[in-house]
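Per-entry structural report
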Amino acid sequence: PASKMVSRASLRVGLECFARQRLRSLRSASSSTVTESLVSWEYDIGSKLGIIVLNSPSTLNALTVEMGKEFKSLVSHVNEQLSSDLNVNAIILTGAGDRAFSAGGNFEWLRGLKDNNVSYNADAMLSFYKSFLCIRQLPVPVIAAMKGPAVGAGAGLALACDMRVSSKGPARLGLNFTRLGIHSGMGTSHLLEVALGGRSSLVNELLLTGKMLDGEEAFEVGLLNRLVDDKTMVLDEATSLAAQIAQQNPFAVRSMTQTLRRKQDDGLEACLQREAYAQALCYSRDDWGEGLDAVVERRDPTFDDYHQYKKTE
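Residues numbered from 1 in each chain as written. Predicted model: local features only at pLDDT ≥ 70, side-chain atom pairs only at ≥ 80, totals over all residues. Heavy atoms only, no water.

**As for the pairing of strand S1 (residues 39-44)**
Here S1 runs beside strand S2 (residues 49-54); their pairing, made up of six bridges, is antiparallel. For Ser40, the partnering residue across the bridge sits in S2 and is Val53. Between S1 and S2, which follow one another and run antiparallel, lie four residues, and Lys48 among them has a positive phi close to 60 degrees. (Pairing = 2+ DSSP bridges. Helix = DSSP H or I, 4+ residues; strand = E, 2+ residues; numbered from the N terminus.)

See the structure below:
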């Protein structure tokens, strides 16, 4: 019993040290003007924990095609490590800096989609989603450490994680697709219903109103597993949660993760194809970009009437 107590105490000290080191490096990255990589990966053998970082703090970790390619490649690399000899039992996903987990799709890229035809954009969006949702292919649980808002596609990525940790404060989870003038994407219409336990009426309200949830609201409805008082505590809390998982039987954890996701992902592929096509149709409308302009200008959007689209065909 005494040796177990020492072992557990040592583990806690090691995990706290790991979290502090990551916090320092992430803060350093947020003040840097040069970014070597859009995504990074580190792991700690002692705690058996790993951390993936979206590393574009100057853009609030906005999701881009370029970041997606790096993300997909990195996840493939991590998968290879975990399949060979790397004993990591849980992974934390977070964003560099402390202003955002991810602000969602890059506005400049989204504006440019107006110039493409529907079929091209549908294929492009499907590829974009999958470059990030490959996070669900990792064989161990993934915890989103949301030190700042997760908005739009960024919210979809957070929902793709197995668990989420955030802090009290405004606009922690933004499902603002309709306010931007587009259908939901990144599997959000499926993943949100899974996260809410099939509460369709709440899913409908959140997606159709473009709701921005504060930390307390997100926790109350069940979208967060842990809620802390301040964003500076988020990574420590996520590390503590990951540590609880890392102490369990690793085979049981991996097999349980696969079982849970198999049920949760039933219907996800069909959802992604539907969302990609629906978003592509939105990009073809004459008023595409109005919602983006409204966000930048901090005003309410003014959209065309539904049937106005038919007059321009």
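**Notes on helix H2 (residues 65-84)**
Over its 20 residues, H2 runs 29 Å from end to end, which matches the ideal 28 Å to within 8%, given 1.5 Å per residue. When H2 is considered as a whole, its buried residues turn out to be Met67, Gly68, Phe71, Leu74, Val75, Val78, Asn79, Gln81 and Leu82. Axial view of H2: buried residues confined to an arc of 160 degrees, hence all on one face. Residues Glu66, Lys69, Lys72, Glu80, Ser83 and Ser84 are exposed on H2 and point more than 90 degrees away from its buried face. (Expected span 1.5 Å × (residues − 1). Buried < 20%, exposed > 50% of the residue type's maximum accessible area, 1.4 Å probe, protein only. Arc of directions from axis to C-beta.)

**Quick word on the sheet that holds strand S4 (residues 142-146)**
Across a sheet, paired strands are connected by hydrogen bonds in the backbone, their directions being either parallel or antiparallel. In spatial order, the strands read S1-S2-S3-S4-S6-S9; together these six strands make up an open sheet with mixed pairing. The open sheet has two free edges, formed respectively by S1 and strand S9 (226-228), since each of these has just one partner strand. Across the sheet, the axes of successive neighbouring strands diverge by a mean angle of 20 degrees, strand direction being ignored. Where S2 meets strand S3 (residues 90-95), six bridges bridge the pair, whose relative direction is parallel. Looking across to S3, one finds that Ile51 is bridged to Ile92. (Axes fitted to C-alpha atoms, helices over the stretch in contact; angles between N-to-C directions.)

**As for the packing of helix H5 (residues 153-160) against helix H7 (residues 188-195)**
The N-to-C vectors of H5 and H7 enclose an angle of 45 degrees; their axes lie 9 Å apart at closest approach. Here H5 is positioned oblique relative to H7, judged by the angle of their axes. Seen from above, H5 lies across H7 with left-handed handedness. Judged by residue contacts, Gly156, Leu159 and Ala160 of H5 engage Thr188, Leu191, Leu192 and Ala195 from H7. Its residues placed into classes, the contact of H5 with H7 shows five nonpolar, two polar and no charged. (Parallel < 35°, antiparallel > 145°, perpendicular 65-115°, else oblique. Left-handed = near helix turned anticlockwise from the far one by under 90°. Contact = heavy atoms within 4.5 Å. Nonpolar A, V, L, I, M, F, W, Y, C, P; charged D, E, K, R; others polar.)

**Digging into the pairing of S3**
Most of S3 sits out of view: six of its six residues are buried. By the alternation rule, side chains of S3 split into Ala90, Ile92 and Thr94 and Ile91, Leu93 and Gly95, which are all buried. Chirality of the crossover, the property in question, places the unit of S2, H2 and S3 among those that are right-handed. When S3 meets S4, the two strands line up parallel, connected through four bridges. (Right-handed = clockwise from strand over helix to strand, strands pointing away.)

**So, the side chain of Asn61**
Mapping Asn61 onto the fold places it in the loop between S2 and H2. Ignoring sequence-local partners within four residues, the contact set of Asn61 consists of Leu54, Asn55, Ser56, Met67, Gly95, Ala96, Ala100, Phe101, Ser102 and Ala103.

**Observations regarding the confidence of the model for the protein**
This prediction gives the protein a mean pLDDT of 90; 87% of its residues lie at or above 70. Scored below 50 in pLDDT, residues 1-12 shows three contacts in the model against residues more than four places distant or in partner chains. (pLDDT = per-residue confidence, 0-100.)

**As for unusual backbone geometry**
Negative phi is the rule for most residues except glycine; trans is the rule for most peptide bonds. Residues other than glycine seldom take positive phi values, yet Lys48 does so here, at roughly 60 degrees. In this structure, Lys48 sits in the loop between S1 and S2. Among the residues examined, Lys48 registers a relative accessible area of 36% and is labelled partly exposed. The residue Leu60 is not glycine, and still its phi comes out positive at about 60 degrees. For Leu60, the location among the structural elements is in the loop between S2 and H2. For Leu60, a relative accessible area of 29% translates into the label partly exposed.

**Things to note about the sheet that holds strand S8 (residues 212-213)**
The strand order S5-S7-S8 describes an open sheet built from three strands, whose pairing is mixed. The open sheet terminates on both sides in strands that have one partner only, identified here as strand S5 (150-151) and S8. The pairing of S5 with strand S7 (residues 173-174) spans two bridges and is classified as parallel. Bridging from a neighbouring strand, Ala150 pairs with Leu173 of S7.

**Regarding helix H11 (residues 250-264)**
Compared with an ideal rise of 1.5 Å per residue, which puts 15 residues at 21 Å, H11 spans 21 Å between its outermost C-alpha atoms and is within 8% of the ideal. All of the buried residues in H11 are Val253, Thr257 and Arg261. Relative to the axis of H11, the buried residues are bounded by an arc of 55 degrees and lie together on one face. Exposed side chains of H11 directed beyond 90 degrees from the buried face belong to Phe251, Thr259, Arg262 and Lys263. Residues of H11 that are buried make contact with S4 and helix H10 (234-246).

**A short note on the nonpolar core**
Within the largest apolar cluster, 64 residues are counted, with the highest numbers of intra-cluster contacts made by Ile52, Phe71 and Ile91. Ranked by size, the runner-up nonpolar core spans 19 residues in total, among them Val53, Met163, Ala238 and Ala246. (Core = buried A, V, L, I, M, F, W, Y, C linked by side-chain atoms within 4.5 Å.)

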